[in-house]
Protein chains: 2
Amino acid sequence: MNNDKNVDKLKVIPLGGLGEFGMNCMAIRYKDDIIVIDAGLMFPEDELLGVDIVVPDITYLLENRAMVRGILLTHGHEDHIGGLPRILTELNVPVYGTEFTLTYVEGKLEEHKLLDGADLIEMVPGERFNIGPFNIQPIRVTHSLVDCVALAVRTPVGTIVHTGDFKIDLSSPDGKPFDLHSFAELGKEGVLLLLQDSTNCDRPGYTPGELAVRPRLDEIFSRAKRRLFFSCFSSSIHRIKLAMDLAHQHGRKVALIGRSMDNATEIAQDLGYINPPEGLLIHSGQIRDFPPEKVCVMISGTQGEPMSALSRAAVDNHKHAKIEAGDTVLLSSRVIPGNEKSIFSMIDHLYRRNAKVIYDDGASGLIHVSGHASQEELRLMINLLRPKFFVPVHGDYRHLTRHIEVATSTTIPERCILIEDGEVLELDANSATKTGKVTSGRVLIDSGSTSDVIEDIIIRDRKHLSEAGLVLAIISIDKMTGRQEGTAEIVTRGFAVNEEGMHAEARKIIQRTLETSSDEEKRDWMLIKEKIRADLKRYIQKNTGRRPMVMPVILEI
Amino acid sequence: MNNDKNVDKLKVIPLGGLGEFGMNCMAIRYKDDIIVIDAGLMFPEDELLGVDIVVPDITYLLENRAMVRGILLTHGHEDHIGGLPRILTELNVPVYGTEFTLTYVEGKLEEHKLLDGADLIEMVPGERFNIGPFNIQPIRVTHSLVDCVALAVRTPVGTIVHTGDFKIDLSSPDGKPFDLHSFAELGKEGVLLLLQDSTNCDRPGYTPGELAVRPRLDEIFSRAKRRLFFSCFSSSIHRIKLAMDLAHQHGRKVALIGRSMDNATEIAQDLGYINPPEGLLIHSGQIRDFPPEKVCVMISGTQGEPMSALSRAAVDNHKHAKIEAGDTVLLSSRVIPGNEKSIFSMIDHLYRRNAKVIYDDGASGLIHVSGHASQEELRLMINLLRPKFFVPVHGDYRHLTRHIEVATSTTIPERCILIEDGEVLELDANSATKTGKVTSGRVLIDSGSTSDVIEDIIIRDRKHLSEAGLVLAIISIDKMTGRQEGTAEIVTRGFAVNEEGMHAEARKIIQRTLETSSDEEKRDWMLIKEKIRADLKRYIQKNTGRRPMVMPVILEI
């Protein structure tokens, strides 16, 4: 890659997010300087048992570690910042982000005991700064999260614009508008390359603004006869603010339940994004002190995640979140593909409690809006920026392909280029050429725990099975009674620690997990598996210091 | 259940399909006579590793085996007939179905070597017949399949109507109209109980007829510049006919690829549902003899099933179905929830071949219609039949709940009752009461093979792990190269047959499966797992006569 001929070209090298959704990460190199835009994670496919998160392979950065000047974050979603702990462990470079983004990053690094050594630098939208030969201009964009930016990177060969995640919300609820003018000015000045978010390139028209859900949510608040359980993605600060406003207007107290909901709300309050009036918020233990029609419970778990507060409430296994006949449960979110089974299983449980459930079924009105630009917004951005070259980012292969169709329809870019993770695009003022490949791929990480407890999560590669170890827990459950039949079978590989004692103890733990589960939980295999996995893992780690992959296999007999 | 007090009440006892989608099965009992409506299967959740199909627990029927007079099939879809082989093995009673339905059943029973002993009796829509105290009237309905019926069952306490699966298609492509008049007459005569399909009770309005897709499909046929690959559910006889008509009109020869597509077309031809003009059909080996713009390949595999013809073609691993740049692939089907990952992975592969892919993405026009009634059709049926009591069938708990809301909105039924699998509803002319529960549940079946080869599939309960046996194949694959790292680990439980030799051989088989897979296949974990599972299973069965559960675990390292 370092031959003299190309030494004064600019290299754009995606390390993640071009060919999949998630783990967004892109390196930009000019001579001996590299900057990295975003450092995300993604969640694994079901086929990869025992894997918790997936992050990009950064071998390329490690091989050129002396050149890496910093990581620039466009916003605080997991698919853009979730890989940071892993990367900083191996490559401690400065991290740039807006105020809100860095607050999220701080929390994350603290969990991993990496905060003390980290160099976090705040970016302010509109304020330009230099990193080596690069001049960076963060530009305010709107999205489902707050304080998001696109990045204009002026380089010796021309200007690159990376949109990050965005939509063009013309009535942003936080009063911080999408910065159309800066994009227009860049377009006049000349843009060499636009890297644009492909997530919604399939959708015609414009994505509705965040406030578009207000009328329907208002109606739901006014019609709810008893308790209203409101669930949304915990990072949807706009949505949380809106729900609190509506609760206040409709005379309901607000209780927050679920760690991620608590955490997000706290940060948003600290930074002034939410200002609940005095007395609006109550502790979850106080829910019973108010009449049901005077309470709104904001609860995390829209995706039916087995251990989330809402999933537990749905099977009547949450101390404070008791869902009763006539209560309303509103999932102000979308059904993320792949999560259908867990979500619909949770919804069935909610129906069994005789709750009224309102979710994204195509007939519930506008209870959620996407945070990503639809086709007309993508075209608008291209019209504003008038880039010479165009590369779609953030998407599966089919999204990248389709996004190129959308971009081509504007007749503006001279050339649209599809590149995937690891491919090197070399640019000068007149040309853009794919020149080769660097190492890229997915690194699978099995974090320590899936429970609510914050633990010291040691992140590591599963380099060899014999090194990492595998514990299979084979549990036979009687299909009639939902009870365990016989004792569990424990199979281990590459994990020879006091086998006999451990096996017996592991069996007991499984027994206990099953015994303390409600009947409804026992009928939910996914939940039971997750509980057993978490409990067994905690035990093994505590008693052996080892972190093998733990895989429960449930056989209904 | 047999106490004298209730002996002259009618009992309606769902054994499957009320609380889940699939495995539809309902017993109707009067005194000592039982008839059963439908005997379906469902496909398992991902959590149940190594299970191929799920069928209802028929303990209740076995306990009352002398009373069971016959099984009545409403139509030939798997969720209505797929459990038959299993049931007939344990309880060989007469099976009633329409001509087309019985042809499907025959093929299925022949595969399981059950055909010779089976007693199949044809029902003709409109022709009434008696079974014990029950008078049965099959009534023609329209659906995505042909020759479907609802069943009116006149009993000593009143008339029950079971809709089966239906929509009200007012321009049925086979010229066999939905029999509105019989339903109207039944309504006049008086209906005690309506059991109605809940599948689409969430959808407002009317479901479009089968022919509603014609304009858009016609457009796609006329715009396709090269080969057109047309895929739909193989049981969609109407759709297959339409595609053949269009191919003929647009001057394209038709090649059929995929066993299920071949099979369905053959049956439909035999029974006169499709009559391709002389010379339209070509053998798949002849595809290359015609110019690309003169060929339409009808191919099975809309759901990205790992071993389907289309999935294999997508990774360039099918002898005859070669997909080339500029070809069009049309998936005239819906994305069944839960199949997103395999479908979208297949679509990505198709895009990599530079094919134009048209699928159900919300922006492709009307390329598929549902076969199930929407809310207005459900209300229309209730208006026609004017039932005293109403019980929703076919659906998860939330569908049953919502369907009751739809039924209640008509103000016609005196009472709507939600019952689930195993619950007994007792009826007389004036009352409907839930009185208890019978044994019910799901029986998990691990069939012999998932390959295309028809095998003698022995169906059995997985009664005990130790009896069934478990073979885990743990394969480490290098994430960079996609190659296997080291040799596979084989873990067995309850399966002690010549362990050493078998382990070595199993490792070789896995090696061979991987070596003969293309690079693109190797990147598709789901596909690789399925291939290894099928190959290993075949080997073990052949060499040991045992049929253990085989579970490949792939670790990317």
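Remember, it's a predicted structure, so these values are computed and weren't measured experimentally.

> Help me understand the overall build of chain A in this model?
Per the secondary structure count, chain A includes 16 helices and 26 strands. Within chain A, the fraction of its 557 residues that count as buried is 63%. Long-range pairs, those at least 24 residues apart, make up 72% of the contacts in chain A between residues at least 6 apart in sequence. Of the roughly 20,300 Å² of accessible surface on chain A, 47% is carried by carbon and sulfur atoms.

> What's the story with the layout of surface pockets in this structure? I'm lost.
Picture a little ball the size of a water molecule; that probe, rolled over the atoms, points out where space is still empty. Empty space within the second largest pocket amounts to approximately 670 Å³. Forming the walls of the second largest pocket are 28 residues, and the residues nearest its centre are A:Lys356, A:Val357, A:Ile358, B:Arg402 and B:Glu405. Mapped onto the lining of the second largest pocket, the elements with two or more residues apiece are helix H6 (214–223) and strand E18 (356–358) of chain A together with helix H11 (375–385) and helix H12 (397–409) of chain B. At 5 residues, H12(B) tops the list of elements feeding residues into the lining of the second largest pocket. Residues of the lining of the second largest pocket, tallied by class, amount to 11 nonpolar, 6 polar and 11 charged.

> How should I be thinking about the sheet that holds strand E15 (residues 281–282) of chain A in this particular structure?
Strands in a sheet are paired, the pairing made by backbone hydrogen bonds, and the direction either parallel or antiparallel. Residue and element names in this part refer to chain A. A sheet is described by the order of its strands in space; here 6 strands give the open sequence E15-E14-E16-E13-E17-E18, paired in parallel fashion. If you trace the sheet from one side to the other, it starts and ends with E15 and E18, each paired once. Of the strand pairs in this sheet, strand E14 (residues 253–257) and strand E16 (residues 295–299) are connected by 5 bridges, and their pairing is parallel. Paired with Ile-257 across the bridge in E16 is Ile-299. The sheet strands contacting helix H7 (residues 237–249) are strand E13 (228–231), E14, E15 and E16, and the helix crosses E16 at an angle near 170°.

> How should I be thinking about the side chain of A:Ser144 in this particular structure?
Residue and element names in this part refer to chain A. Mapping Ser-144 onto the fold places it in the loop between strand E9 (134–141) and strand E10 (148–155). The class of Ser-144 is buried, set by a relative accessible area of 15%. When near neighbours in sequence (up to four residues on either side) are disregarded, Ser-144 contacts His-77, Glu-210, Ser-235, Ser-236, Ile-237, His-238 and Gly-371.

> Just to check I follow, could you spell out the UniProt feature "binding site: Zn(2+) 1" (unreviewed entry) in chain A for this structure?
All names here are of chain A. Residues annotated in UniProt with the feature "binding site: Zn(2+) 1" (unreviewed entry) correspond here to His-75, His-77, His-80, His-143, Asp-165 and His-394. Along the chain, His-75 turns up in the loop between strand E5 (68–72) and helix H2 (78–81). Apart from the residues lying within four places of it in its own chain, the contact partners of His-75 are Asp-38, His-80, Ile-81, Thr-101, His-143, Leu-145, Cys-148 and Asp-165. Within the local environment of His-75, its side chain forms a polar contact with the side chain of Thr-74, the two groups lying 3.0 Å apart. Counting through the fold element by element, His-143 comes out in the loop between E9 and E10. Accessibility expressed as a relative area gives 1% for His-143, which makes it buried. Once you skip the residues sitting within four places of it in the chain, His-143 turns out to touch His-75, His-77, Cys-148, Asp-165, Phe-166, Lys-167, Glu-210, His-238, Gly-371 and His-372.

> What is the right way to read the domain arrangement of chain A from this model?
Accessible area lost upon the coming together of the parts serves often as the stated size of an interface. All names here are of chain A. Split by domain assignment, chain A resolves into domain 1 (10–206 + 370–454), domain 2 (210–358) and domain 3 (469–556). The interface is formed by 11 residues belonging to domain 2 together with 8 residues belonging to domain 3. Carbon and sulfur atoms make up 61% of the surface buried where domain 2 meets domain 3, a total of about 830 Å² over both sides. On the domain 2 side of the interface with domain 3, the three residues burying the most area are Pro-306, Met-307 and Val-315, jointly 51% of the side's total. Taken together, the links from domain 2 to domain 3 amount to 0 salt bridges. In terms of residue count, helix H10 (residues 340–352) provides more of the side of domain 2 that touches domain 3 than any other element does, 5 residues in total. For the side of domain 2 that touches domain 3, the residue count by class is 4 nonpolar, 4 polar and 3 charged.

> Quick question: what am I supposed to make of H7(A) here?
Helical geometry note: an α-helix holds 3.6 residues per turn, so side chains three or four residues apart project in the same direction. All names here are of chain A. A rise of 1.5 Å per residue sets the reference length of H7, with its 13 residues, at 18 Å; its end C-alpha atoms lie 18 Å apart and thus fit the reference within 8%. Inspection of H7 places Ile-237, His-238, Arg-239, Ile-240, Leu-242, Ala-243, Met-244, Leu-246 and Ala-247 among the buried residues, and these make up the whole buried set. With its phi angle positive at about 70°, Gly-251 sits one or two positions after the end of H7.

> I tried to follow the sheet that holds strand E17 (residues 328–331) of chain B on my own but got confused; where do I start?
Residues and elements named next belong to chain B. One open sheet holds the 6 strands; their spatial order is E15-E14-E16-E13-E17-E18, and the pairing between them is parallel. At either end of the open sheet lies a strand with only one pairing partner, and these are strand E15 (281–282) and strand E18 (356–358). Note: strand E13 (residues 228–231) against strand E16 (residues 295–299), 3 bridges, orientation parallel. Bridge pairing links Phe-229 to Val-297 in E16. Each of E13, E16, E17 and E18 touches helix H6 (residues 214–223); the most contacted strand, E13, lies at about 155° to it. Helix H8 (residues 259–270) rests against strand E14 (253–257), E15 and E16 of the sheet, and its axis sits at about 120° to E14.

> Explain the confidence of the model for chain A to me, please; I cannot follow it from the model alone.
Residue and element names in this part refer to chain A. The predicted model of chain A has a mean per-residue pLDDT of 87, with 87% of residues at 70 or higher. Every residue in residues 448–467 is under pLDDT 50, and counting partners more than four places away or in other chains gives 55 contacts. Scored as a complex, the prediction yields pTM 0.78 and ipTM 0.71.

So, how was this worked out
- Sequence positions are assigned chain by chain, starting from 1 and proceeding in written order.
- Naming scheme: in the order in which they are written, chains are lettered from A and ligands are numbered from 1.
- Totals for whole chains, interfaces and linings use all residues, but because this is a predicted model, local features are given only for residues with pLDDT of at least 70 and pairs of side-chain atoms are given and counted only at 80 or more.
- Each side-chain value is worked out from all heavy atoms of the structure, with water and hydrogens disregarded.
- Put simply, DSSP H or I for four residues or longer makes a helix, DSSP E for two residues or longer makes a strand, and each gets a number counted from the N terminus.
- For every residue, the accessible area obtained with a 1.4 Å probe (protein chains only) is divided by the maximum for its type, and the residue is called buried under 20%, exposed over 50%, and partly exposed between those limits.
- Whether two residues are in contact is decided by their heavy atoms, any of which lying within 4.5 Å being enough.
- Where accessible areas are quoted, they stem from the Shrake-Rupley method and a 1.4 Å probe; at the residue level, only the protein chains shown are allowed to cover.
- Throughout, the protein atoms alone are placed on a 1 Å grid, and a set of points is a cavity if a 1.4 Å probe fits but cannot get out or a pocket if it is open with protein on both sides within 12 Å along at least five of seven lines; lining residues have an atom within 4 Å of a point.
- Grid points are joined across faces, edges and corners, and a volume is the space filled by probe spheres set on the points.
- Residue polarity follows a fixed list, in which Ala, Val, Leu, Ile, Met, Phe, Trp, Tyr, Cys and Pro are nonpolar, Asp, Glu, Lys and Arg are charged, and the others, Gly among them, are polar.
- Two strands form a pair only when DSSP identifies at least two bridges running between them.
- Helix axes are fitted to C-alpha atoms over the stretch in contact, other axes to C-alpha atoms as well, and angles between N-to-C directions run from 0 to 180 degrees.
- UniProt positions are given in the numbering used here, feature names are shortened, and annotations may be inferred rather than shown by experiment.
- Two N or O atoms form a polar contact when they lie within 3.5 Å of each other; inside protein one atom must be a possible hydrogen donor and the other a possible acceptor, and for residues adjacent in sequence the pair counts only when both atoms belong to side chains.
- These domain limits were set by an automatic method or by a database of domain assignments.
- Computed with a 1.4 Å rolling probe, the buried area is the accessible surface lost when two parts are put together, summed over both parts.
- Salt bridges are defined by distance alone: a side-chain nitrogen of Lys or Arg within 4 Å of a carboxyl oxygen of Asp or Glu.
- Helix span, as expected, comes to 1.5 Å for every residue beyond the first.
- As a per-residue quantity, pLDDT reports the predictor's confidence and falls between 0 and 100.

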